[in-house]
There are 2 protein chains.
Amino acid sequence: MINIAVDAMGGDDAPGVVVRGAVNALESRNGFSITLVGKKELIEEELSGETYLKERLSIAEASEVIEMAEPPVAAIRHKKDSSIVVGLNLVKHNEADAFVSAGSTGAVLAGGQLIVGKEKGVKRAPLAPLIPTERGAALLIDCGANVDARADHLLQFAYMGSIYMRDICGVEKPRVAIVNIGAEEEKGNALVKEAYPMLKEAGEKGDIYFVGSIEARDIPKGEADVVVCEAFVGNVILKLYEGVSSTLLDVVKTSIMSTARSKIGGALIKPALKDAMKRFDVSSYGGAPLLGLKNLVVKGHGSSTEVEIKNAILQCFSFIQKDITSKIRESISPEGDREGDITNGI
Amino acid sequence: MINIAVDAMGGDDAPGVVVRGAVNALESRNGFSITLVGKKELIEEELSGETYLKERLSIAEASEVIEMAEPPVAAIRHKKDSSIVVGLNLVKHNEADAFVSAGSTGAVLAGGQLIVGKEKGVKRAPLAPLIPTERGAALLIDCGANVDARADHLLQFAYMGSIYMRDICGVEKPRVAIVNIGAEEEKGNALVKEAYPMLKEAGEKGDIYFVGSIEARDIPKGEADVVVCEAFVGNVILKLYEGVSSTLLDVVKTSIMSTARSKIGGALIKPALKDAMKRFDVSSYGGAPLLGLKNLVVKGHGSSTEVEIKNAILQCFSFIQKDITSKIRESISPEGDREGDITNGI
């Protein structure tokens, strides 16, 4: 049976939210078990109020917690009994098929690469969250901590992202685009100019469906399913998405509360507005997979809710069932290097 | 008297919008004259319906127009009688003190550097639009076409941006931040890691008020007045600002129109919403200056309205009155190189 390890100590509202998310995931679907990783006593306290399928849920004790602000590589090296390190080791030793954590992004990224390790041929393991667009979700690849990527890294991101969007999100022929400052082929910085012809060639071979450059303004319009970029740029895109949405909504709310007339209107549109916001919430897609590792590692938002934890767990289940790891391995050319590049920028 | 050259042929609704914007600018303030550059016949036709101060408005004939899609450097070189080339030459030969164009961004950027030329000591001329934030406008510097900047370029951007925000926007002590993927000093890509200590040192000397790194999510919150970044990243930020705002508003509008109840509410909040949107509209600040040239060049949005053209012209007037060009020259160390780097990425 598939087993998914879950960091019970990760996230703003851990362990309560994580434990309930795990219980709900088990209830909603059969075919897998969960190992909650963390302080046994605290986890058991949270579980005491819940009804759950005992044979599908176990606890792995981890006495330490890596805090958000800790330097990630040092934390992974020194806190051997932290929930993140213990969870990743379960994956490494095949006692779990995936690990989900809403804890420190840097520690999960560094630990994923140091402990679980990259799949043969994979040059870099990108963090690839789904972001909302007018036409459904798009995969933003890479948003991780390994900045200053090379062109051949971006090419691999395109392959991995295409497999993910096809097999996990059900997009038959995912449109791959590279983030650029103009639509023309000759535009871009040195990295994009080098990567563009490689992506074009992969498209011509039929390996991916490459649609060219995408300007940032067209990302929210949903003009690509796999949005390829270097991690610094991806990080800026992800965080600005969040920042502009929340600031704009604050501005709208303040305006609505400014007159009696609009206050009444505001009350009337509240349900519709809430619904719209939900559709455009960056955090609503659960976790972001760290692709290209020997086994799956998923990073959830620090502010993950029960539903998000549950979704992240179910996402892992699909990922394993569809054997995405093998598909990525097969799609990636075997000449990849494996030198450690994880200390850069974390 | 200060004379401002205005590209009558630039922008989606030229020459009508531009001509009326110019007439309105003359009406609203004394102390300067305008030279409209473009096809005389068309300009005169637009002017025929307007009342304006004839002694403050002249026309400079330019028989050609550079189209948006033309390769910029080639267009500047070959269309010697285009409104952009003629206008920039007026500035070069001191027949105008500034040039405003809502035409091809690439051509204005390339032409600004090729024809007007950089001020002594300036290594790169950044395009620096104002962007809306919760706490007023911030200057995003650089959004131009010269990508892959060096750390010493970013340092100069910080100096130029600080002068602009202080003297044009009235921010007494502009907070300068560098766009980064985390708030800690050790984070970032190679460029940011190199620029950070240089900015910090300038801050310690009291030349600028450096507040450290800014994550993209905090830009819309207004946590910096001068947002320093490399042009590729700046371009992504500017366009994503636009893209997320407009998509989000579309989603909100669609939701509001989906039920009878929220339709009524929508009608009631319309004025408040409109007001909010105006406060958060990227295009509302008129033009983006191309800083660090021997004289001022301002790029207006392609979709500029009359009001935006007027604002861009008045912005030029302030810029010249306050002698920003000299202040920039004085703030920049004199050892700057002047090699042409304008062909990169345009």
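Refer to the structure printed above.
A short tour of the structure in this document, coming up.

Cut-offs used in this document
- Residues numbered from 1 in each chain as written.
- Chains lettered and ligands numbered in written order.
- Predicted model: local features only at pLDDT ≥ 70, side-chain atom pairs only at ≥ 80, totals over all residues.
- Heavy atoms only, no water.
- Least-squares fit on C-alpha atoms with pLDDT ≥ 70 in both.
- Contact = heavy atoms within 4.5 Å.
- Core = buried A, V, L, I, M, F, W, Y, C linked by side-chain atoms within 4.5 Å.
- Buried < 20%, exposed > 50% of the residue type's maximum accessible area, 1.4 Å probe, protein only.
- Pairing = 2+ DSSP bridges.
- Helix = DSSP H or I, 4+ residues; strand = E, 2+ residues; numbered from the N terminus.
- Right-handed = clockwise from strand over helix to strand, strands pointing away.
- Buried area = accessible area lost by both parts, 1.4 Å probe.
- Salt bridge = Lys/Arg side-chain N within 4 Å of Asp/Glu carboxyl O.
- Polar contact = N/O pair within 3.5 Å; in protein donor to acceptor, adjacent residues only side chain to side chain.
- Patch = residues over 30% accessible without salt bridge, like charges linked within 9 Å, V, L, I, M, F, W, Y side chains within 5 Å.
- Areas by Shrake-Rupley, 256 points an atom, 1.4 Å probe, with all protein chains shown as cover.
- Lys, Arg positive; Asp, Glu negative; His and termini not counted.
- Charge placed at Lys NZ, Arg CZ, Asp CG, Glu CD.
- Expected span 1.5 Å × (residues − 1).

Another point: the relation of the copies chain A and chain B. After a rotation of 180 degrees and a shift along the axis of 0.0 Å, chain A superposes on chain B with an RMSD of 0.1 Å. Viewed as a symmetry operation, the transformation between the two copies matches a two-fold axis. In terms of proximity to the rotation axis, the leading residue of chain A is A:Gly265, whose C-alpha is 1.9 Å off the axis. Interface residue correspondence from chain A to chain B reaches 98%, placing this contact among same-surface, isologous pairings.

This part takes up the nonpolar core. By size, the foremost hydrophobic cluster in this structure holds 195 residues, and its most contacted members are A:Leu36, B:Ile4 and B:Leu36. Excluding anything up to four places from it in sequence, B:Ile4 contacts B:Phe32, B:Ser33, B:Ile34, B:Thr35, B:Ala98, B:Val100, B:Ile313, B:Cys316, B:Phe317 and B:Ile320.

Attention now goes to the pairing of strand β3 (residues 57-61) of chain A. Residue and element names in this part refer to chain A. Bridge analysis of strand β2 (residues 32-38) against β3 gives five bridges, and the strand direction is parallel. The partner of Val37 across the bridge, within β3, is Ala60. Handedness of the crossover joining β2 and β3 through helix α2 (residues 40-47) is recorded here as right-handed.

This paragraph deals with the interface of chain A and chain B. Of the residues lining the interface, 56 residues belong to chain A; the matching set on chain B comes to 55 residues. Buried surface at the junction of chain A and chain B, summed over both partners, amounts to about 5100 Å²; 71% is from carbon and sulfur atoms. Sorting the residues of chain A by area buried against chain B places A:Ile181, A:Phe232 and A:Leu240 first, and these three jointly supply 14% of that buried surface. At the boundary of chain A and chain B, one finds four salt bridges. A:Glu215 is the partner of B:Lys239 in a salt bridge, and the nearest nitrogen-oxygen pair spans 2.3 Å. Summed over the shared surface of chain A and chain B, the result is 14 residue pairs in polar contact (both at pLDDT 80 or more).

So, about a negative patch on the surface. Residue and element names in this part refer to chain A. Together, Glu41, Glu44, Glu45 and Glu61 make up a region of like negative charge exposed at the surface. For the negative patch, the leading source of residues is α2, giving three residues. The topology assignment puts Glu61 in strand β3.

The next subject is helix α7 (residues 190-204) of chain A. Over its 15 residues, α7(A) extends 22 Å from the first C-alpha to the last, a length consistent with the 21 Å expected when each residue adds 1.5 Å. Every buried residue belonging to α7(A) is among A:Leu191, A:Val192, A:Ala195, A:Tyr196, A:Leu199 and A:Ala202, and all of these are buried. For α7(A), the elements touching its buried residues are α6 (151-167), β7 (175-180) and β8 (209-215) of chain A together with α8 (231-256) of chain B. One or two steps after α7(A), the chain reaches A:Gly206, where phi turns positive at roughly 85 degrees.

In short, the description is geometric, and any link to function would need to be established separately.
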